[in-house]
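Each chain, written out:
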There are 2 protein chains.
Amino acid sequence: MSRPHNDTFLRALLGEPTDYTPVWLMRQAGRYLPEYRQARQRAGDFLTLCKTPSLACEVTLQPLARYDLDAAILFSDILTIPDAMGLGLYFTEGEGPRFENPLREEWDIRDLFVPNPTEHLSYVLETVREVRRALDNSVPLIGFAGSPFTLACYMVEGGGSRDFHHLKRMLYGRPDLLHHILTVTADAVTDYLNAQIESGVQAVMIFDSWGGILSTPAYREFSLAYLQRIVDRLIREKDGQRVPSIVFTKGGGLWLEEMAALGCDALGVDWSVDLAAARSRVGDRVALQGNLDPAVLLTTPEIVAAETTRVLQSFGVGNSGHVFNLGHGVSRFTPPENISVLVDTVHTQSRLWRKL
Amino acid sequence: MSRPHNDTFLRALLGEPTDYTPVWLMRQAGRYLPEYRQARQRAGDFLTLCKTPSLACEVTLQPLARYDLDAAILFSDILTIPDAMGLGLYFTEGEGPRFENPLREEWDIRDLFVPNPTEHLSYVLETVREVRRALDNSVPLIGFAGSPFTLACYMVEGGGSRDFHHLKRMLYGRPDLLHHILTVTADAVTDYLNAQIESGVQAVMIFDSWGGILSTPAYREFSLAYLQRIVDRLIREKDGQRVPSIVFTKGGGLWLEEMAALGCDALGVDWSVDLAAARSRVGDRVALQGNLDPAVLLTTPEIVAAETTRVLQSFGVGNSGHVFNLGHGVSRFTPPENISVLVDTVHTQSRLWRKL
């Protein structure tokens, strides 16, 4: 397989010069798009949408038909791994993901196993292959997984949580049990991401959505250490092409230096982080991906253009090593036309600055 | 009025030498205490408890009867100011505070006024005087208020929120309106805190619970600038005694240097911040208050002692300039005996280290 025709995203992740700043958006395939809502209705429910390769492929491609995005991201859910581990994932309207069998008892935790992706997660790998065929090497496809700590949060709580009391009780009271969950899950994530790479994804991203709820020593011990375990064992090259990796801890702005030492190629940063300050802290060890506040997209085209420019400027004009993105996922209340403005602003402004 | 017999807390805030590390806990008077639940039942509802000086005084003193705490904090709510502004505060079981009249329309915003504390918030000032009489100069009494930005979040959203979309739309779309709310609210907070000082509180704390939802430039413009407006105009001395001020932005760990330049005496820090790193960033410009994860208190006495020691050590043993606290309020699920262990550990360990 050759490099995609538009490889700007991959080059920016690797710190190579680019003609402009590439852009994609977390949750770019989602409920703000009428065609997504229509596909979801056809699927019946969210999980069927994820688990039906033809539908997941269709939905992955929807934002690329509308916008001049520099990457596609596999449409899936971070909780496919715990689901494959037998926790019984389901979704309730308005309350988000839940597990039928949360991990609370020692015997359940000791029984945890590393699912074989080609066996338990074949629908994801089939989606990857189908999307790659459909993309026909136009733009790269990003694969992803949740971080072990973030998956453990959901697995122990049995769903989302406001204060993560079950998880925290285990962390402080039975750290041995949590370490066991994290070890098994880190191996599962590694195998899963490597299987996605073997199936055709050209970059991978690890979403640590909940690492920011931890104290600094707890972050190091229960999240960062397992991110390290994964990054150390990711496939770095496929068919002669480097496969870059991106690590994103939401609320992890305090720990960027330590994250930059993981050996990944880029860090995702949420909108609380100033990109200029982040860049001076991590130097050229990693590229940065982010970080417009997704709430900006709820306003007008004029404001979207102005705030997008502000984020570009905060990284520093005319430079590579920046992938434009939001600081978190696209809100379902986003007017689709605002995303056109965002994408066009990133491309136009950054091209202009490259020429100065 | 003379200095309290135990002035360790005040001395630590001012960076003066102390025999041990003082400790108090955010939400130390609260639902985890059976005697609090009993008083609340007598009051009928939370707001009546806040608005009845004899009951608010009783509840303020409850944790001091149980624990060897180094300060009392006025029992009240951060939303008394918007309530005095006529927004119609009420509380719903399980959903937290709500306003009958959220601030959405320009004419409502233009009508906002600075309430006169002696007129509209006299019940708070009466509580302060009653608590001071009851404390009889044993330990200092802390007064407090919400930050203008945090109050504006509640006022615009009409209550708590997951993503603060109303607030964010105004911030990006009509910043002039938000600045007007923040200016009026900053003046209200200033008058309110100064009235608390005139009535007898010996230190003040400003809670910026939601500043952490902002981008760095938005934090500077919409939260920090109004914290500055308040700190600049606080009464600094009363009856020959310095009245120290503490500023706490939850999730504000990235901005400690800028907060330390406010001119306040101490910064509260949540548990994500490493105290040693924070201290090296702010130097001796401010004392630090924090930062045990409140979830530690849900475990066993042994774990509470160990994690408390860890926080003391992270600041650095044997030093002043640290006020021990949690990184956020006490959880309602905290076993009361764990707080004894916390307080005793802070006192015993820090005394020991002072003597090394």
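Residues numbered from 1 in each chain as written. Chains lettered and ligands numbered in written order. Predicted model: local features only at pLDDT ≥ 70, side-chain atom pairs only at ≥ 80, totals over all residues.

Q: What's the story with the overall build of chain A in this structure? I'm lost.
A: Scanning chain A from N- to C-terminus turns up 16 helices and 11 strands. Compactness check: chain A gives a C-alpha radius of gyration of 19 Å against a globular reference of 21 Å for 356 residues, within 12% of the reference. Principal-axis analysis of the C-alpha atoms gives chain A an extent of 60 × 45 × 45 Å. Counting across all 356 residues of chain A, residues that qualify as buried make up 55%. For chain A, the proportion of contacts with a sequence separation of at least 24, taken over those separated by at least 6, is 73%. (Helix = DSSP H or I, 4+ residues; strand = E, 2+ residues; numbered from the N terminus. Rg over C-alpha atoms; globule rule 2.2 N^0.38 Å. Buried ≥ 20, exposed ≤ 12 C-beta atoms within 10 Å, placed from the backbone. Contact = placed C-beta atoms within 7 Å.)

Q: I'm lost on the interface of chain B and chain A in this one. Help?
A: Listed per partner, the contact involves 24 residues of chain B and 24 residues of chain A. Per-element tally for the side of chain B that touches chain A: the top contributor is helix H10 (residues 165-173) of chain B, with five residues. The residue inventory of the side of chain B that touches chain A, partitioned by class, reads 10 nonpolar, nine polar and five charged. (Nonpolar A, V, L, I, M, F, W, Y, C, P; charged D, E, K, R; others polar.)

Q: In this structure, what is going on with the packing of helix H15 (residues 301-315) of chain A against helix H16 (residues 336-355) of chain A? I would like to understand it.
A: Think of two packed helices as two axes; the pair is described by the angle between the axes and how far apart they sit. Residues and elements named next belong to chain A. Their axes nearest at 9 Å, the elements H15 and H16 cross at an angle of 40°. As judged from the angle between their axes, H15 and H16 are oblique. The element H15 and its partner H16 pack so that their crossing is right-handed. Here H15 contributes Pro301, Val304, Ala305, Thr308, Thr309 and Leu312 to the contact with H16, which in turn contributes Glu337, Asn338, Val341, Leu342, Thr345, Val346, Gln349 and Ser350. Along the lines of polarity and charge, the residues of the contact of H15 with H16 split into seven nonpolar, six polar and one charged. (Axes fitted to C-alpha atoms, helices over the stretch in contact; angles between N-to-C directions. Parallel < 35°, antiparallel > 145°, perpendicular 65-115°, else oblique. Left-handed = near helix turned anticlockwise from the far one by under 90°.)

Q: Please explain the sheet that holds strand E5 (residues 203-208) of chain A as it appears in this structure.
A: Residue and element names in this part refer to chain A. With parallel pairing, the seven strands of this open sheet are ordered in space as E1-E4-E5-E8-E9-E10-E11. Of all strands in the sheet, those bounded by a partner on one side alone are strand E1 (72-73) and strand E11 (322-326). Pairing of strand E9 (residues 266-268) with strand E10 (residues 287-292), which is carried by three bridges, proceeds in the parallel orientation. Along E10, the bridge assignment pairs leucine 267 with leucine 288. Contacts from H15 reach E10 and E11, with the element oriented near 155° to E10. (Pairing = 2+ DSSP bridges.)

Q: Even after reading the chapter, I still don't get H15 of chain A, so can you show me in this structure?
A: Its 15 residues give H15 of chain A an end-to-end C-alpha distance of 22 Å, which sits within 8% of 21 Å, the value for a rise of 1.5 Å per residue. If you check which residues of H15 of chain A are buried, you get Val304, Glu307, Thr308, Val311, Leu312, Ser314 and Phe315 of chain A. Each buried residue of H15 of chain A sits inside an arc of 160° when the element is viewed along its axis, so together they form one side. Next to the buried residues of H15 of chain A lie helix H14 (275-282), E10, E11 and H16 of chain A together with H10 of chain B. Note on H15 of chain A: the residue one or two positions beyond its end, glycine 316 of chain A, has a positive phi of about 115°. (Expected span 1.5 Å × (residues − 1). Arc of directions from axis to C-beta.)

Q: I would appreciate a short explanation of the relation of the copies chain B and chain A in the present structure.
A: The transform that puts chain B on chain A rotates by 180° and translates by 0.0 Å along the axis, for an RMSD of 0.0 Å. Both copies of the chain, as the preceding transformation shows, are related through a two-fold rotation axis. Measuring from the rotation axis to each C-alpha of chain B, the shortest distance belongs to leucine 254 of chain B, at 3.1 Å. Here 100% of the interface residues in chain B have copies in chain A that are interface residues too; the copies meet face to matching face. (Least-squares fit on C-alpha atoms with pLDDT ≥ 70 in both.)

Q: For this particular structure, what's the right way to read the pairing of strand E8 (residues 245-249) of chain A?
A: Where a strand is regular, its side chains alternate between the two sheet faces. All names here are of chain A. Counting buried positions along E8 gives five out of five residues, so the element sits mostly inside the fold. As paired strands, E5 and E8 are joined by five bridges and run parallel to one another. Each residue of the ladder has a partner; that of aspartate 208, found in E8, is threonine 249. Where E8 lies against E9, three bridges are found, and the strand directions are parallel. Paired with isoleucine 246 across the bridge in E9 is alanine 266.

Q: Honestly, the pairing of E11 of chain A in this entry has me stumped. Any pointers?
A: Residues and elements named next belong to chain A. With five of its five residues buried, E11 lies for the most part within the structure. Both faces of E11 are covered, namely the face carrying His322, Phe324 and Leu326 and the face carrying Val323 and Asn325. By the bridge criterion, five bridges tie E10 to E11 in an arrangement that is parallel. In the sheet register, glutamine 289 faces E11, and the bridge partner there is valine 323.

Q: Just to check I follow, could you spell out the sheet that holds strand E11 (residues 322-326) of chain B for this structure?
A: The strands making up a sheet are joined through hydrogen bonds of the backbone, oriented either antiparallel or parallel. All names here are of chain B. Taken in spatial order, the seven strands make up an open sheet running E1-E4-E5-E8-E9-E10-E11, and their pairing is parallel. At either end of the open sheet lies a strand with only one pairing partner, and these are strand E1 (72-73) and E11. Lying over the sheet, helix H11 (residues 175-199) contacts strand E4 (141-146) and strand E5 (203-208), oriented at roughly 170° with respect to E4.

Q: When you look at the packing of helix H8 (residues 122-135) of chain B against H11 of chain B in this model, what are you seeing that I'm missing?
A: Residues and elements named next belong to chain B. Contact geometry for H8 and H11: axes closest at 9 Å, N-to-C directions at 30°. One way to sum up the angle between H8 and H11 is to call them roughly parallel. Considering how the two elements wind past one another, H8 and H11 form a crossing that is right-handed. In contact with Val124, Leu125, Val128 and Arg129 of H8, H11 contributes Ala195, Gln196 and Ser199. Class assignment for the residues of the contact of H8 with H11 results in four nonpolar, two polar and one charged.

Q: Even after reading the chapter, I still don't get the environment of glutamate 95 of chain A, so can you show me in this structure?
A: All names here are of chain A. Within the secondary structure layout, glutamate 95 lies in the loop between strand E2 (89-92) and strand E3 (96-99). Judged by local crowding, glutamate 95 falls into the exposed class, with 9 C-beta atoms found within 10 Å. Between the C-alpha atom of glutamate 95 and that of glycine 160, which follows or precedes it by 65 residues, the distance is 8.1 Å.

Q: Hey, could you run me through unusual backbone geometry in this one?
A: Of note, the amide linkage connecting glycine 290 of chain A to asparagine 291 of chain A takes the cis form, showing an omega dihedral of -5°. Within the secondary structure layout, asparagine 291 of chain A lies in strand E10. Look at aspartate 136 of chain A: it is not a glycine, yet its phi comes out positive at around 50°. The exposure class of aspartate 136 of chain A is exposed, given the 9 C-beta atoms found within 10 Å. Notably, aspartate 239 of chain B is not glycine yet its phi reads approximately 50°, a positive angle.

Q: Is there a simple way to think about the environment of alanine 71 of chain B in this case?
A: Residue and element names in this part refer to chain B. Position of alanine 71 relative to the elements: it lies in the loop between helix H4 (53-66) and E1. Sequence separation between alanine 71 and glutamate 337 is 266 residues; the distance between their C-alpha atoms is 19 Å. Among residues more than four places away in sequence, those in contact with alanine 71 are Phe9, Pro22, Trp24, Val139, Pro140 and Ile142.

Q: Would you take a moment to explain the confidence of the model for chain A for this structure?
A: Close inspection of predicted coordinates is inappropriate for parts of the model with low pLDDT. Here chain A shows a mean pLDDT of 96. Residues at 70 or above account for 99%. Complex prediction metrics read pTM 0.96 and ipTM 0.95. (pLDDT = per-residue confidence, 0-100.)

Q: Any chance you could explain the environment of lysine 238 of chain B here in plain terms?
A: Residue and element names in this part refer to chain B. On the secondary structure map, lysine 238 appears in strand E6 (residues 237-238). With 38 residues separating them along the chain, lysine 238 and glycine 200 place their C-alpha atoms 8.8 Å apart. Sequence-distant contacts of lysine 238, defined by excluding residues within four places in its chain, comprise Ile197 and Val243.

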